[in-house]
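Architecture and fold: a report
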Amino acid sequence: MRRIAIVGAGQAGLQLALGLRAAGHEVTVLSARTPQQIRDGRVLSTQLMYGPALALERELGLNLWDAQTPPVEGLRISRVDAPGIPPERSISAALDEPARSVDQRVKTARWLELLEERGGRVEYRNVVAEELADLAAAHDLTLIASGHGPLGHVFGRDERHSPYEVPKRALACIYVHGARPGPGTAATYLRMCAFPGTGEFLVLPALTASGPCDILLWEGCPGGPFDCWQGVDDPAAALERTLQLLRSYAPWEYELCADAVPTDAGALLTGALVPVVRHPVAEVAPGSYVLGMADAVVLNDPITGQGSNNAARCADRYLQSVLERGDRPFDRAWMHETFAGWWEHARHTTAFTNMVLDAPMPEHVQHVLAAAAEHPALAHRYVNGFADPARYQEWLMDADRAEACLAVVAGRAAG
């Protein structure tokens with residue numbers, strides 16, 4: 001039995017903690033908030049988990065909400081070239097495995113309780129960087145799974161993979177009841193409207209404490225009309241502003257959202273983040289190290305919906321690495337090797353997300369997206385890449401491979 005501390009109680013930290021407990025390890029999680037404080041607080045994210053990440057939860061018996069959560073059966077991505085004018089082209093396809101979105105307040109609060117029920121220890125308090133040396137000294141392994149606070153800064157910025165110094169989008173999400181589903185297959189699809197140079201608007205079916213809901217997400221280019229959330233801290237006010245924007249920019253979405261109401265008093269999250277990759281290991285005392293995981297060391301913009309998937313994959317890779325280590329020490333070399341095993345996947349997620357954030361996209365990607373709006377097989381291939389962005393390396397991220405793929409598509413259409 002190893003003594004392991006995890007600072008942070010989100011998707012990654014708790015999934016790893018529960019997996020370690022199932023394997024018989026002594027686990028302490030340090031959470032800044034109690035389960036009830038989490039349930040009563042603000043929404044934490046716009047999480048969407050695709051099939052491969054959901055399978056990792058199911059392996060640990062953590063899929064407690066499958067029956068209640070509306071399945072996201074596909075994606076519909078529309079380009080809006082002029083405000084208020086319905087899109088002329090869309091990429092629409094079913095996912096091979098349905099995705100799901102469970103309010104992180106619901107999930108992490110219950111997982112914290114579950115960890116204690118299964119013999120894990122939870123300390124409810126804030127942790128500051130100055131405490132990490134003592135934590136590391138008292139445990140065989142200490143992991144940092146808190147990505148949005150100051151603890152992430154104990155890990156140095158990796159300039160090779162961090163091209164941004166400022167946020168690329170201003171963010172606002174609202175959880176609502178009463179939005180009407182889109183027509184046809186779009187009723188069970190995530191819908192995204194992309195406004196070149198302005199930003200994006202997404203509608204995502206989800207589950208919250210009061211039942212099935214929709215998440216409305218704005219991604220606004222800085223300084224543009226969707227960058228308008230400063231000082232808005234009330235869900236009702238944010239929803240009113242959302243409807244004003246939709247009247248002008250996407251009236252077809254306004255019609256679907258006109259009767260929506262916030263799910264609860266905490267149904268709003270606004271802000272911005274700087275996408276960053278950090279070095280995974282920090283020395284907190286001479287010869288004493290801590291290992292970062294998930295958002296603490298690889299933080300992406302939510303535009304491609306990869307955060308929870310990255311976290312689940314990270315927790316799984318780290319769990320397997322701990323179990324394979326046996327009684328040997330969790331030294332610095334092991335920490336770097338463990339991170340590298342996860343980064344082999346996460347690097348593709350980062351590259352894809354950054355490509356979507358940057359405008360305009362590379363010319364060869366624009367060609368692919370235009371063709372995908374016309375060819376269902378190509379749309380299916382693109383949409384299902386969201387479940388595992390490493391697949392894009394085979395054909396989308398490289399210009400020569402993308403053009404070869406388009407040539408095949410054109411040949412099949414001609415034949």
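Above this note sits the structure.
In short, a report on the structure. (Residues numbered from 1 in each chain as written. Predicted model: local features only at pLDDT ≥ 70, side-chain atom pairs only at ≥ 80, totals over all residues. Heavy atoms only, no water.)

**Things to note about the pattern of salt bridges**
As a reminder of what qualifies: Whenever a carboxyl oxygen of Asp or Glu lies within 4 Å of a side-chain nitrogen of Lys or Arg, that contact is scored as a salt bridge. Relative accessibility under 20% of the residue-type maximum defines a buried residue, over 50% an exposed one, and the middle range a partly exposed one, all with a 1.4 Å probe and only protein chains included. Only runs of H or I of at least four residues qualify as helices and only runs of E of at least two qualify as strands under DSSP, and these elements are numbered from the N terminus.
One pass over the structure, following the stated rule, counts 22 salt bridges. Here Arg-157 and Glu-165 are joined by a salt bridge, their closest N and O atoms 3.6 Å apart. Judged by its relative accessible area of 60%, Glu-165 is exposed. Two residues, Glu-344 and Arg-347, come together in a salt bridge whose shortest N-O distance is 2.9 Å. Within this pair, Glu-344 and its partner Arg-347 are both found in helix α9 (residues 332-357), separated by three residues, close to a single helical turn. Residue class for Arg-347 comes out partly exposed when judged on its relative accessible area of 34%.

**Description of the side chain of Gln-306**
We count it as follows: In this analysis, two residues are considered to be in contact whenever any of their non-hydrogen atoms come within 4.5 Å of each other.
Looking at where Gln-306 falls in the secondary structure, it is placed in the loop between β16 (298-299) and α8 (307-325). The buried category is assigned to Gln-306, whose relative accessible area is 2%. In this view, Gln-306 contacts Tyr-50, Thr-349, Thr-353, Phe-386 and Pro-389; residues no more than four positions away in its chain are not counted.

**Side note on the packing of aromatic side chains**
Quick note on the threshold: Stacked, tilted and edge-to-face are the three classes applied to pairs of Phe, Tyr and Trp rings, where Trp contributes its six-membered ring and a pair requires centres within 6.5 Å; stacked means planes under 30 degrees apart, edge-to-face means over 60, and tilted covers the rest.
Evaluated as defined, the whole model comprises 15 aromatic pairs. Ring plane angle 70 degrees and centroid distance 6.4 Å describe the contact between Phe-352 and Tyr-382, whose orientation is recorded as edge-to-face. Of this pair, Phe-352 sits in helix α9 while Tyr-382 is found in helix α11 (residues 376-384), placing the two residues 30 residues apart along the sequence. The two residues Phe-352 and Tyr-382 agree in class, both being buried.

**Considerations on the nonpolar core**
In plain terms, the rule: In plain words, nonpolar cores are sets of buried Ala, Val, Leu, Ile, Met, Phe, Trp, Tyr and Cys residues tied together by side-chain atoms within 4.5 Å.
Counting 59 residues, the largest nonpolar core has Ile-6, Leu-16, Val-29, Leu-143, Met-293 and Tyr-318 as its most contacted members. With sequence-adjacent residues up to four places away left out, Val-29 is seen in contact with Ile-6, Gly-8, Ala-9, Leu-14, Ala-17, Leu-112, Leu-115, Arg-121, Val-122 and Glu-123. Membership of the second largest hydrophobic core comes to 47 residues, among which are Leu-48, Cys-173, Tyr-175 and Ile-303.

**Looking at the side chain of Gln-47**
The cut-off we apply is this: Distance and chemistry together define a polar contact, namely a pair of N or O atoms within 3.5 Å, with one atom able to donate a hydrogen and the other to accept it when in protein, and with adjacent residues in sequence counting only for side-chain atoms on both sides.
Tracing the sequence through the fold places Gln-47 in the loop between α2 (35-40) and α3 (51-59). Among the polar contacts listed, one links the side chain of Gln-47 to the backbone oxygen of Val-102, at a separation of 3.2 Å. A distance of 3.3 Å separates polar atoms of two side chains, one belonging to Gln-47 and the other to Tyr-175. With residues near it in sequence (within four places) discarded, Gln-47 still touches Ser-101, Val-102, Asp-103, Gln-104, Tyr-175, Leu-204, Ile-215 and Ser-308.

**Observations regarding the pairing of strand β9 (residues 199-208)**
Filter applied, for reference: Here, a strand pair is defined by DSSP locating no fewer than two bridges between the strands.
The element β9 is extensively covered by neighbouring structure, given that ten of its ten residues are classed as buried. Where burial is concerned, the two faces of β9 agree: the one with Gly-199, Phe-201, Val-203, Pro-205 and Leu-207 and the one with Glu-200, Leu-202, Leu-204, Ala-206 and Thr-208 are both buried. In this sheet, β9 lies alongside strand β8 (residues 189-195) in antiparallel orientation, the contact comprising five bridges. For Phe-195, the partnering residue across the bridge sits in β9 and is Gly-199. Following β8, the chain reverses through three residues before pairing antiparallel with β9; Gly-197 in that reversal takes a positive phi of roughly 80 degrees. Looking at chain direction, β9 and strand β10 (residues 211-220) are connected through ten bridges and run antiparallel. The residue of β10 that forms the bridge with Gly-199 is Gly-220. Counting the residues that bridge the hairpin from β9 to β10 gives two residues.

**Here we look at the sheet that holds strand β1 (residues 3-7)**
Heads up, the rule is: Fitting a line to C-alpha atoms yields each axis, with helices limited to the stretch in contact; the angle taken between N-to-C directions then spans 0 to 180 degrees.
Spatial ordering of the open sheet is given by β5-β2-β1-β6-β15-β14, a layout of six strands whose pairing is mixed. In the strand order of this sheet, the two ends are held by β5 (121-124) and β14 (281-285), each with one partner. Taken pair by pair, the neighbouring strands of this sheet meet at an average axis angle of 25 degrees, ignoring direction. The sheet contact formed by strand β6 (residues 141-144) and strand β15 (residues 288-292) spans two bridges and is parallel. Across the sheet, Leu-143 pairs through a bridge with Leu-291, a residue of β15. Packing against the sheet, helix α1 (residues 11-22) makes contact with β1, β2 (26-31) and β6, and its axis sits at approximately 160 degrees to β2. In the packing of α9 onto the sheet, contacts are made with β6, β14 and β15, and the angle to β15 comes to roughly 10 degrees.

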